[in-house]
Amino acid sequence: MNTTKNIFISHHHKDDKSVSDFTNLLAGKNYNIRNSSIRVNEKNKERLEKEQVPRKTLERLLNIKMRWAGTVVVLIGSQTYSREWVNWEIEKAAQLGKRILGVFMHGGKDANIPENLEKYGDGLVGWNSEKIIAGLEGEDVGWCASSGESRPPVTNVKRVVCQ
């Protein structure tokens, strides 16, 4: 069986390689990802670092790209929790009624959890393709502690999309 999912991957841009690693991990299980998140190319990197792109422009672009996705995946590395844009993306995903799945990057279980993932997340898993796929399919995958043990979520989120 070959499955394709439209997702938005929220991540710290220094972890761009992990986005490719994530899609490759799932591709090995015949699970293809169409990722609508923004990845910074060298041409735009300097403009972003110098804050030459207006905040409203970035918010509008991210909003458009996130609406297209069915699920928002938050890749969690050592610095993800401190990234303002990651927390903004998680909050926007919650406003849009998206399923939000946190995934510890390979070897990243000692990382802190972004504040808004604790508030709005639907689950948190390790770098395990079966758990990730279950989460993308809407199953209750629970919450992983940094030690790899299960833990209860900080808040139980019940999301309903009104038409």
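The structure under discussion appears in the preceding block.
Treat the numbers as computed from the prediction; the structure is a model and nothing was measured.

Points about the overall build of the protein
For the protein, the helix and strand inventory stands at six helices and seven strands. Sequence-ordered secondary structure for the protein, helices as α and strands as β, is β-α-β-α-α-β-α-β-α-β-α-β-β. A burial count over the protein gives 45% of its 163 residues as buried. Long-range pairs, those at least 24 residues apart, make up 73% of the contacts in the protein with a sequence separation of at least 6.

Describing the packing of helix α1 (residues 16-27) against helix α6 (residues 129-136)
Orientation of α1 relative to α6, taken along the N-to-C sense of each, is 90°, at an axis distance of 10 Å. On the basis of their axis angle, the class for α1 and α6 is roughly perpendicular. In this structure, α1 contributes Phe22, Leu25 and Leu26 to the contact, and α6 contributes Ser129, Ile132, Ile133 and Leu136. Residue composition of the contact of α1 with α6, grouped by class: six nonpolar, one polar and no charged.

A word on the pairing of strand β4 (residues 99-104)
Along β4, six of the six residues are buried, which leaves the element largely enclosed by surrounding structure. Residues Arg99, Leu101 and Val103 line one face of β4 and the alternating positions Ile100, Gly102 and Phe104 line the opposite face, and both faces are buried. Direction of pairing for strand β3 (residues 71-76) relative to β4: parallel, over a ladder of six bridges. Bridge assignment links Thr71 to a residue of β4, and that residue is Arg99. Of the crossover connections in this fold, the one passing from β3 over helix α4 (residues 84-95) to the parallel β4 is right-handed.

Topic: the environment of Leu25
Structurally, the position occupied by Leu25 is in helix α1. The class for Leu25 is partly exposed, based on a relative accessible area of 25%. Sequence-distant contacts of Leu25, defined by excluding residues within four places in its chain, comprise Trp127, Ser129 and Ile132.

Focus on the packing of aromatic side chains
Applying the stated criterion to the full structure yields two aromatic pairs. Centre to centre, the rings of Phe22 and Trp127 are 6.1 Å apart; their planes meet at 65°, and the pair counts as edge-to-face. Here Phe22, found in helix α1, pairs with Trp127, found in the loop between β5 (123-125) and α6; they are 105 residues apart in sequence, far enough to count as distant. On the basis of relative accessible area, Phe22 is assigned to the buried category, the value being 0%. Ring geometry for Trp85 against Trp88: centres 5.5 Å apart, planes inclined by 70°, an arrangement best described as edge-to-face. Residue Trp85 and its partner Trp88 are located together in helix α4, separated by three residues, close to a single helical turn. Sitting over the face of the ring of Trp85, Arg55 holds its NZ or CZ atom 4.5 Å from the ring centroid.

Quick word on the nonpolar core
Counting 22 residues, the largest nonpolar core has Val74, Ile76, Ile100, Leu117 and Leu124 as its most contacted members. When residues of this core are traced back to their parent elements, those giving at least two are α3 (55-68), β3, α4, β4 and β6 (143-144). Broken down by element, the residue count for this core peaks at five residues, all from α4. Counting 18 residues, the second-largest nonpolar core is a separate cluster that includes Phe22, Leu26, Tyr31 and Leu75.

Reading the values: the criteria
- Residues numbered from 1 in each chain as written.
- Predicted model: local features only at pLDDT ≥ 70, side-chain atom pairs only at ≥ 80, totals over all residues.
- Heavy atoms only, no water.
- Helix = DSSP H or I, 4+ residues; strand = E, 2+ residues; numbered from the N terminus.
- Buried < 20%, exposed > 50% of the residue type's maximum accessible area, 1.4 Å probe, protein only.
- Contact = heavy atoms within 4.5 Å.
- Axes fitted to C-alpha atoms, helices over the stretch in contact; angles between N-to-C directions.
- Parallel < 35°, antiparallel > 145°, perpendicular 65-115°, else oblique.
- Nonpolar A, V, L, I, M, F, W, Y, C, P; charged D, E, K, R; others polar.
- Pairing = 2+ DSSP bridges.
- Right-handed = clockwise from strand over helix to strand, strands pointing away.
- Phe/Tyr/Trp six-rings, centres within 6.5 Å; stacked < 30°, edge-to-face > 60°.
- Lys NZ or Arg CZ within 6 Å of the ring centre and 35° of its normal.
- Core = buried A, V, L, I, M, F, W, Y, C linked by side-chain atoms within 4.5 Å.

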